[in-house]
Amino acid sequence: MKKHKSGYLWKVSALGITLLALLTGCDPRYLVFNPSGPVAQKEFDLIVLSAVLCAAVVIPVLVLLFYIVYRYRDKPGNKAPYTPEWNDSKILEIVWWGIPVIIICILGVYTAKTTYSLVKPPVTDVKPITIQVTSLDWKWLFQYPDQKIATVNYAEIPAGVPVQFQLTSDSMMNSFWVPELGGQEYTMPGMAMRLWLQADKPGTYFGSGANFTGKGFAHMKFKVVAKPQAEFNQWAKQIKKSAPALTQERYDLLTKKGLAEKQSFSSYPESLFHNTIDRNGGKYMKPEMKHGGHDMSMMDHDK
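These notes cover the structure that comes with them.

Calculation criteria
Residues numbered from 1 in each chain as written. Predicted model: local features only at pLDDT ≥ 70, side-chain atom pairs only at ≥ 80, totals over all residues. Heavy atoms only, no water. Patch = residues over 30% accessible without salt bridge, like charges linked within 9 Å, V, L, I, M, F, W, Y side chains within 5 Å. Areas by Shrake-Rupley, 256 points an atom, 1.4 Å probe, with all protein chains shown as cover. Salt bridge = Lys/Arg side-chain N within 4 Å of Asp/Glu carboxyl O. Helix = DSSP H or I, 4+ residues; strand = E, 2+ residues; numbered from the N terminus. Buried < 20%, exposed > 50% of the residue type's maximum accessible area, 1.4 Å probe, protein only. Pairing = 2+ DSSP bridges. Axes fitted to C-alpha atoms, helices over the stretch in contact; angles between N-to-C directions.

## Description of a nonpolar patch on the surface
A contiguous nonpolar patch, built from Val 58, Leu 62, Leu 65, Phe 66 and Val 69 and spanning about 490 Å² of accessible area, is present on the exposed surface. Along the chain, the position of Phe 66 falls in helix α2 (residues 38-71). On the accessibility criterion, Phe 66 (61% relative accessible area) is exposed.

## A word on the sheet that holds strand β11 (residues 263-265)
In a beta sheet, neighbouring strands are held together by backbone hydrogen bonds and run either parallel or antiparallel to one another. The sheet built from six strands is open, its strands ordered β8-β5-β1-β2-β3-β11 with mixed pairing. Only two strands of the sheet have a single partner each, and these edge strands are β8 (193-197) and β11. Across the sheet, the mean angle from the axis of one strand to that of its neighbour is 20°, orientation sign disregarded.

## Topic: the sheet that holds strand β9 (residues 203-209)
One open sheet accounts for five strands, arranged β4-β10-β9-β6-β7; its pairing is mixed. Every other strand in the sheet has two partners, leaving β4 (154-158) and β7 (185-187) as the edge strands with one partner each. This sheet shows a mean twist of 25° between the axes of neighbouring strands, independent of strand direction. Of the strand pairs in this sheet, β4 and strand β10 (residues 221-227) are connected by five bridges, and their pairing is parallel. Opposite Tyr 154, over in β10, you have Lys 223 as the bridge partner.

## Considerations on the pattern of salt bridges
Going through the model one piece at a time under the given rule, you end up with three salt bridges. When the shortest N-O distance is used, the salt bridge between Glu 156 and Lys 227 registers 2.8 Å. Taken as a pair, Glu 156 in strand β4 and Lys 227 in strand β10 lie far apart in primary sequence, 71 residues in all. For Asp 170, the salt bridge identified is with Arg 279, shortest N-O distance 2.6 Å. With Asp 170 in the loop between β5 (163-169) and β6 (174-177) and Arg 279 in helix α6 (residues 272-279), the pair connects residues that are 109 residues apart, well separated along the chain.

What is shown is where atoms sit, not what they do.
What follows is the structure, given as structure tokens:
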């Protein structure tokens with residue numbers, strides 16, 4: 001009977017592991033655990049540190065749990081006297097309260113240090129570029145203030161260059177996320193949030209909306225393509241030369257609910273990004289709230 005139960009447990013365990021592997025998706029990589037830039041690397045290091053510190057508590061507790069249950073279990077013929085006397089141990093009290101306090105302090109200091117470091121460019125010896133991102137239903141608009149071009153549902157960036165993504169929404173709140181390059185940041189109507197990302201090397205990186213926004217939410221995916229600087233410059237010149245203009249009428253069509261294919265535009269209405277913020281209530285906010293608490297001079301590339 002015991003052998004039968006043991007075989008059953010092994011089968012259930014194997015099935016559970018198989019299902020877990022299948023639920024991770026077809027891509028064998030875990031994108032969050034495949035950092036491809038300095039921002040993602042810092043966040044990955046924080047995840048690893050958190051896991052190690054948690055394991056330092058959880059594993060000994062589980063081992064002690066099984067040991068105590070086995071060692072002090074009641075057995076047939078047990079004649080041990082029942083002596084319910086309550087005692088305490090100062091040493092044990094210090095251990096089981098002191099260790100968690102130390103772990104929380106370490107994790108808190110490291111988390112604060114990492115969080116505050118991410119509000120600055122990942123590297124300072126390379127001139128950054130700015131991309132203004134607007135989340136729509138159910139698509140993404142990327143504007144390049146320096147190049148004066150725009151794209152829909154894909155973005156190209158130069159590899160090894162810090163990118164300041166300025167984020168807003170012309171619909172309901174969403175969340176901009178490129179897992180291999182860094183953590184997510186909310187896009188909110190009437191506000192411009194800022195997110196620094198950088199790709200260390202050329203490649204194509206998966207991006208997605210990470211906040212449920214209704215019927216077309218599952219299709220709010222995009223690609224971030226990192227290229228060498230020369231290829232990025234050539235791509236921008238080609239878009240400027242051959243793509244149509246994003247007029248206000250075209251933009252109004254984009255704001256309507258629905259899906260969209262990848263698109264490129266050689267120009268867009270002046271101050272479109274800032275006008276979108278103002279139209280959604282930004283003009284009634286204080287500057288520090290309107291621009292996510294960041295320096296307004298960083299927001300003036302297309303004025």
